Structures are given as C-alpha cells and as structure tokens.
Amino acid sequence: MDSNRLSGPLADPAGEAGYPSDHPDRVGFFTDTSVCIGCKACEVACKEWNLLPEDGLDLTGMSYDNTGALGATTWRHVAFVEQHGSTGSTVDLGMPGMGEDQVRWLMSSDVCKHCTHAACLDVCPTGALIRTEYGTVLVQDDVCNGCGYCVPACPYGVIDIRPDTGGAAKCTMCQDRLGAGLMPACATACPTESIQYGPLDELRDRAGQRVAELHDQGITEARLYGHDPADGVGGDGAFFLLLDEPEVYGLPPDPVVTTRDLPSMWRHAAGAALTAAAVIVGCFVGGKR
Ligand code: SF4
Ligand code: SF4
C-alpha cells in the first residue's frame, strides 16, 4: 500500500482518488480571522443555499454567539471568543465602562476542513463519503445509511447525523456551485473577505503574505492553522489565520487523522490470529501423540 494513503504529505488527493490528471485544481478556503467582524453572513448564506433548517435562536449563556458549534445543520459557524484583561492585544472600541478591563473579541468562521487525509471518508462503509474532482470531501445523501461511523472518526468534530433525515451532513464546499463556476455561498457573502476561496496553492501563498504583513504591523500573535501539508492530516483544504492558540478557538492544537494507524493495527491483528491458529494446531498435533 502507498504509505501516503492514510497519512503524510499528499500532493494530489483527487488524483490519488482516481480522477484523471486533467481534473480541476484542488480548491479550498482560507479563513483570515483577523478581518472577521462576526456578522454571520456566511452562516446565513450557507443555510440559505443548502436549505438547512434553523437551529433555534437561544444565546448559549457563555457568549454572544447564538449558534454554539458546527453541526449537521450548521455547516459554517462563527465562533465568538470574548477575552477580558490583558490577553493578547486589545483594541479600544470607545465603549463606555470598559476601563482597565479591556475586551478582545476573536471571531472565526469555522467549517469542515476538507482534510487531505479524511478519516471520515476512510471509515465510511457505504462509499457515501467521497473525494471530489476538486479535492474536497462530500457526503452523498442517497448512499449514506446513517451508521454514524464517520462522526467519531473526524479529528475536528465536524460531521454529524441530521435528526430529521437520519443521514450524515457537513459542508460540501457548495459542490453544486463549483460545477457552475460559482464561489461557495459563504465566501460570496463575506463582506470583509475573511473567507477566501480559490486554488489551494494560491491561498497558501496569499496566507503566508498576510501573516508576514501582520507581523510587520507588530501583530506577532498571528499564525496559520491547518495550512501545513506535513501536519497530522496532511494539511487541510480549509485553513485559518488565527490571532491566538488554536485551543482558544476550540480547535485541536495538533490534529491527527484517526485512521493513520489502521495498517499497523491490522498487521498486529493478523499476527495475533496466526499465533492463535498455531497454538490450536499445536494442541491437536500434541494431543494425537
Ligand atoms: S474535517 Fe472531519 S468531516 Fe471534514 S473532511 Fe476532515 S475528517 Fe471529514
Ligand atoms: S453515517 Fe453515512 S457517511 Fe457516515 S460512515 Fe455511515 S454511511 Fe458513511
């Protein structure tokens, strides 16, 4: 088996999945959280385009965010992180009553990462999850049997089962729009270009330049997350510019594709089965003497 099938850098996931060499460039999202204003236009555009039901409008009690998390009917989620005190750089918004206790709001529009090595895809027993010609990961509703194997396999906690349909659901990167030459709905709706869509290589270059620009401005806490093809999932098709540690945004600091160790697990299981068979045969042979 190719050592890159389940882990490690992989230059062309669509080619690896069997698409001919003239398949489209791999596309992705670069979400620059430094310009996100938390308007949630992306959440609404995603719901409208993909006909996703609303999830209720209750505040969580922990934040001004009224959505809470990604889920089967929330494929884009704008996380609100409210920090008090001297954590990182704060901006004086001219609000009354803040005093010394400055508030920093970090906002980040989260989404399926369209992993290079997608464990959800590896574990799906029906072939409902597929790699598309654009290198993204897609659930085929009519093939999914709702077994839920993909849910714990995702290292980011993205995919979930829809209660109303019984099938798995997550961001499709608007596959139906891509085929028509359109951008995904969220990127189209974002008024600040916090969500950028395009060929992944271009986005990675652009993101590197943006981080350098922010560092030059003294914003040294700016960093990229999910952009590195050598990371535990082979790099993400959706990656981020963050202004603090990933954990602050609810993202795992060092995600690893959960199916990475399957080949060695199968080797160990086969070894154990052979040993057990040898012991049983030995017992029979020994018993006949
Ligand atoms: S983030 Fe989760 S649901 Fe999305 S492709 Fe990766 S493993 Fe699958
Ligand atoms: S719930 Fe659907 S998509 Fe997920 S593993 Fe089962 S069949 Fe595949």
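Keep in mind that this is a model prediction, so the values were computed, not measured.

Just to check I follow, could you spell out helix H7 (residues 200–216) for this structure?
Taking 1.5 Å per residue, 17 residues should reach 24 Å; H7 reaches 24 Å between its end C-alpha atoms and fits that length. Of all the residues in H7, the buried ones are Leu200, Leu203, Ala207, Arg210, Val211 and Leu214. Along the axis of H7, the buried residues cluster in a sector spanning 100°; they form a single face. Every exposed residue of H7 that faces more than 90 degrees away from the buried side is listed here: Asp201, Asp205, Gln209 and Asp216. Summarising the contacts, the buried residues of H7 are in contact with strand S1 (27–32), strand S8 (195–199), strand S9 (223–225) and strand S10 (238–242). Backbone geometry just downstream of H7 places Gly218 in the positive-phi region, at approximately 90°.

How should I be thinking about the packing of aromatic side chains in this particular structure?
Here the distance between the centres and the angle between the planes together describe a pair of aromatic rings. Per the stated rule, a full pass over the model turns up four aromatic pairs. Taken together, a centroid distance of 5.2 Å and an interplanar angle of 15° make the contact between Phe30 and Phe239 stacked. Taken together, the residues span a long stretch of sequence, with Phe30 in strand S1 and Phe239 in strand S10 at a distance of 209 residues. Judged by relative accessible area, Phe239 falls into the buried class, the value being 0%. Aromatic pair Tyr64 and Trp105: ring centres 5.5 Å apart, planes at 50°, arrangement tilted. Of this pair, Tyr64 sits in the loop between helix H2 (41–50) and strand S2 (76–84) while Trp105 sits in strand S3 (residues 103–111); the two residues are 41 residues apart in sequence, bridging distant segments of the chain. Chaining the aromatic ring pairs together yields one cluster made of Tyr64, Phe80 and Trp105. Stacked on the ring of Phe80, the Lys or Arg Lys40 has its end atom at 5.3 Å from the ring centre.

Cut-offs and rules
Residues numbered from 1 in each chain as written. Chains lettered and ligands numbered in written order. Predicted model: local features only at pLDDT ≥ 70, side-chain atom pairs only at ≥ 80, totals over all residues. Heavy atoms only, no water. Helix = DSSP H or I, 4+ residues; strand = E, 2+ residues; numbered from the N terminus. Expected span 1.5 Å × (residues − 1). Buried < 20%, exposed > 50% of the residue type's maximum accessible area, 1.4 Å probe, protein only. Arc of directions from axis to C-beta. Contact = heavy atoms within 4.5 Å. Phe/Tyr/Trp six-rings, centres within 6.5 Å; stacked < 30°, edge-to-face > 60°. Lys NZ or Arg CZ within 6 Å of the ring centre and 35° of its normal.

Nothing here speaks to function; it is geometry throughout.
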